[in-house]
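Overview (structure and organization)
Spelled out, the chains give:
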Amino acid sequence: EGGCYLALCARPVHFEKANPVNCVFFDEANKQVFAVRSGGATGVVVKGLEDRNPISFRMEDKGEVKCIKFSLGNKILAVQRTLKSVVLPEKRSLKLLKNQSINVNWYMYCPESSVILLSTTVLGNVLQPFYFKSGTMSKLSKFEIELPAAPKSSKLSLSERDIAMATIYGQLYVLYLRHHSRTSNSTGAEVVLYHLPREGSCKKTHILKLNRTGKFALNVVDNLVVVHHQDTETSVIFDIKLKGEFDGSTTIHQFVLPPRSIQPYQIPVAGPASVTSQSPVLCKLYSSSWIVFQPDIIISASEGYLWSLQVKLEPVVNLLLDKGKLMDFLLQRRECKMVILSVCSQMLSEPERGSLSVIATVFDKLNHEYKKYLEAEQSYTMVVEAGLSRSNPLLKRPVRTQAVIDQSDMYTHVLSVFTEKKEAPHKFTIAVLMEYIRSLNQFQIAVQHYLYELVIKTLVQHNLFYMLHQFLQYHVLSDSKPLACLLLSLESIYPPAHQLSLDMLKRLSTANDEIVEVLLSKHQVLAALRFIRGIGGHDSISARKFLDAAKQAEDDMLFYTIFRFFEQRNQRLRGNPSFTPGEHCEEHVTFFKQVFGEQALMKPTTF
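Reading the values: rules and limits
Residues numbered from 1 in each chain as written. Predicted model: local features only at pLDDT ≥ 70, side-chain atom pairs only at ≥ 80, totals over all residues. Heavy atoms only, no water. Buried < 20%, exposed > 50% of the residue type's maximum accessible area, 1.4 Å probe, protein only. Helix = DSSP H or I, 4+ residues; strand = E, 2+ residues; numbered from the N terminus. Pairing = 2+ DSSP bridges. Contact = heavy atoms within 4.5 Å. Core = buried A, V, L, I, M, F, W, Y, C linked by side-chain atoms within 4.5 Å. Axes fitted to C-alpha atoms, helices over the stretch in contact; angles between N-to-C directions. Parallel < 35°, antiparallel > 145°, perpendicular 65-115°, else oblique. Left-handed = near helix turned anticlockwise from the far one by under 90°. Nonpolar A, V, L, I, M, F, W, Y, C, P; charged D, E, K, R; others polar. Salt bridge = Lys/Arg side-chain N within 4 Å of Asp/Glu carboxyl O. Patch = residues over 30% accessible without salt bridge, like charges linked within 9 Å, V, L, I, M, F, W, Y side chains within 5 Å. Areas by Shrake-Rupley, 256 points an atom, 1.4 Å probe, with all protein chains shown as cover. Phe/Tyr/Trp six-rings, centres within 6.5 Å; stacked < 30°, edge-to-face > 60°. Lys NZ or Arg CZ within 6 Å of the ring centre and 35° of its normal.

This next bit is on the pairing of strand β15 (residues 163-168). Side-chain positions along a regular strand alternate between the two faces of the sheet. Here β15 lies mainly inside the structure; five of its six residues are buried. Here β15 runs beside strand β16 (residues 171-178); their pairing, made up of six bridges, is antiparallel. Residue pairing in the sheet places Ala164 in a bridge with Leu175 of β16. Taking the residues between adjacent antiparallel strands as the criterion, β15 and β16 are bridged by two residues, where Tyr169 takes a positive phi near 50°.

Here it is in structure tokens:
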């Protein structure tokens, strides 16, 4: 498996292999395989990757079937047996919508974009596209494919074998496999990409350098152009979003990763377990009987399999060592989230620990994507709240792709795990946390308090109180109520934390009773009591609220301390330590007696 980054899907479509009795057809629009036995008389079986239930039926043998297809949704079947006629098994009337007179050498249809491409002129290199939409056909502007060199004779020079159409990053491209470069000094074939917009002219935009010659086939998977090379039985991938060499009009790309074979594929052995004890057979990859269809289909007619091709991201991590480029690559892939998070974890731990500048680059690339999503979400919300969504039916909520890695993802999967391991020097740990916070600030993303808490806990673990003081003094850690509570809880190990916390709560203009509530909710009962005493409000607070909180903390000595405090308050204010019925503290008195005995209750002092 040494770094195979391409694989055939685990659940292929299995069909009866092509033989003299059984003809096999593939319908690119529905992605279905038709196995037609003896002209359909002994059965037609239709299977697709998505539909697990094959369709089977019989039809009269009226001669050799040249082509057979279903309409979308499998409603109408069309069969072609002669060069000039197509039969619909159901009696239906057809209406001519539009007619075009044009000399065609060959055609190609792209179902995803509903565009047909016609090869015209003697050389065949002038391509005329048409676009179909809800029963209408519109002509797009024609364009010329640059042949490798001026043809010596005036015969067809552009074969449909060397042309493919595919949608890459939401745009339609015509891919031309040019077997020799136009410039004499460079050897090897190349794939030329022509961008075909709905309006405007088609332009040559990218050249993918293959640096080899021979037999090639093209697929497009997850917005990557995959080029298979039969002679070496390897494939390469290109990503047109990655930086290339720009020559003023086109961008020249080298392959992203070194050539690798598709991952070896074992043909599943069918039949009962007793029979299947024989070892599974390895499928012959890059076989001459393979037929490749767009965007990601590979069919082996001789073995009776249809696969979709898939990109595996884990092996890429060890093949693309430049972390910045690796992130650019991964962020464009569909299933990238867990791989990106594992790369982040790797670069923070031995033996792969990266430099802070590399870590900063990675954080910035992640937060750039995160910010883009937050902004899109924000502008969508604004339009909806302003009531403008009804007038704009095209407005869609932004899709959250796997490339959006937010603070909770980073905290849960990377940063909290990294700080708990404690294997890195603490200075590095703090630098990494601060680097992530810096990056969030740079993109003007509000930092969540749990990241600051992680920084504070790390500083406290290493007794770096002076640094904590500086961070707070210079507002490196932004004010928040949860953060203030965390500081209050540190008072026993770092006394100045009490004042730092109160200053923060005051800056947040928090009401005093709210501060008490926040502290009690965090089980900081003593801190809450100290706070109340500090502002002189301890005579009017509810004893029951504090006793409830102390009891929940399940700490008997804490309960004793709080109970005794209120007994003393009662004595001071009323001349008697016991609680009045209006205070509703009966259950706490009972609990106190159970734990400490009746004799522990305070006796009234008389003067």
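From this point, things continue past the structure.
So, on to helix α11 (residues 512-521). Within α11, the full set of buried residues consists of Ile515, Val516, Val518, Leu519 and Leu520. Turning to α11, the residues buried within the fold contact α9 (481-489), α10 (496-507), α12 (525-534) and α13 (543-552).

Turning next to the nonpolar core. Core analysis: the biggest nonpolar cluster contains 130 residues, and Phe329, Met410, Leu415, Leu468, Leu477 and Phe546 have the highest contact counts within it. Ranked by residues supplied to this core, first place goes to helix α6 (residues 426-442) with eight residues. Ignoring anything within four residues of it in the chain, the contact list for Leu477 reads Met434, Tyr452, Val455, Ile456, Leu468, Phe471, Leu472 and Leu483. Counting 23 residues, the second-largest nonpolar core is a separate cluster that includes Cys110, Ile145, Tyr194 and Ile207.

This part is about the packing of helix α14 (residues 556-574) against helix α15 (residues 586-596). In the contact formed by α14 and α15, the axes pass within 11 Å of each other and the chain directions differ by 125°. Taken together, the axis directions place α14 and α15 in an arrangement best described as oblique. Handedness of the α14/α15 crossing: left-handed. Between α14 and α15, the residues in contact are Asp556, Phe559, Tyr560 and Phe563 and His588, Val589, Phe591, Phe592, Val595 and Phe596, respectively. Taken together, the residues of the contact of α14 with α15 break down into eight nonpolar, one polar and one charged.

Turning our attention to the environment of Gly73. For Gly73, the position within the fold is in the loop between β7 (67-70) and β8 (77-82). Classification of Gly73 by relative accessible area gives exposed; the value is 53%. With 43 residues separating them along the chain, Gly73 and Asn30 place their C-alpha atoms 8.2 Å apart.

In contact at an axis separation of 10 Å, α6 and helix α7 (residues 449-461) are set at 160° when each is read in the N-to-C sense. Accordingly, the angle class assigned to the pair α6 and α7 is roughly antiparallel. Between α6 and α7 the crossing geometry is left-handed. Contact residues: Thr429, Ile430, Leu433, Met434, Tyr436, Ile437 and Leu440 in α6; Leu451, Tyr452, Leu454, Val455, Thr458 and Leu459 in α7. Counted by class, the contact of α6 with α7 contains eleven nonpolar, two polar and no charged residues.

The three strands lie next to each other as β7-β8-β9, forming an open sheet whose pairing is antiparallel. Every interior strand has two partners, whereas the edge strands, β7 and β9 (85-87), have only one. Here the strands of the sheet are splayed against their neighbours by 25° on average, with no regard to which way each runs. Of the strand pairs in this sheet, β8 and β9 are connected by three bridges, and their pairing is antiparallel. When the sheet's bridge partners are listed, Val79 is paired in β9 with Val87.

Tallied over the entire structure, the rule returns 26 salt bridges. Glu377 is paired through a salt bridge with Arg397; the nearest N and O atoms lie 2.5 Å apart. One end of the pair, Glu377, is in helix α4 (residues 356-385); the other, Arg397, is in the loop between α4 and α5 (407-421), and 20 residues separate them in sequence. On the accessibility criterion, Glu377 (15% relative accessible area) is buried. Residue Asp539 pairs with Arg572 through a salt bridge whose shortest N-O separation is 3.1 Å. One end of the pair, Asp539, is in the loop between α12 and α13; the other, Arg572, is in helix α14, and 33 residues separate them in sequence. By relative accessible area, Asp539 is classed as partly exposed at 36%. Linked through salt bridges whose partners overlap, the residues forming this network are Glu146, Arg178, Glu190, Lys204 and Lys209.

Attention shifts here to a nonpolar patch on the surface. Taken together, the side chains of Ile102, Val104, Tyr107, Tyr109 and Phe132 make up a nonpolar region of the molecular surface, amounting to roughly 430 Å² of accessible area. Tracing the sequence through the fold places Tyr107 in strand β10 (residues 106-110).

With that settled, the discussion passes to the packing of aromatic side chains. Within this structure, the stated rule accounts for 23 aromatic pairs. Relative to Phe293, the ring of Phe26 lies with its centre 4.5 Å away and its plane at 45°, an arrangement referred to as tilted. You can see Phe26 sitting in strand β3 (residues 22-27) and its partner Phe293 sitting in strand β26 (residues 290-293), a full 267 residues away along the chain. The class of Phe293 is buried, set by a relative accessible area of 17%. Where Tyr560 meets Phe592, the ring centres are 5.6 Å apart and the plane angle is 25°; that geometry is what we call stacked. Of this pair, Tyr560 sits in helix α14 while Phe592 sits in helix α15, placing them 32 residues apart in sequence. In this structure Phe592 comes out as buried when scored by relative accessible area, which is 0%. Among the aromatic residues, those joined into a ring-pair cluster are Phe559, Tyr560, Phe563, Phe579, Phe591, Phe592 and Phe596. It is Arg198 that lies over the ring of Tyr131; its NZ or CZ is 3.8 Å from the centre.

Now for unusual backbone geometry. Backbone torsion omega between Gln294 and Pro295 reads -5°, so that peptide bond is classified as cis. Of note, Pro295 is situated in the loop between β26 and β27 (297-300). Notably, Lys31 is not glycine yet its phi reads approximately 55°, a positive angle. Tracing the chain through its elements places Lys31 in the loop between β3 and β4 (32-37). We classify Lys31 as buried; its relative accessible area is 16%.

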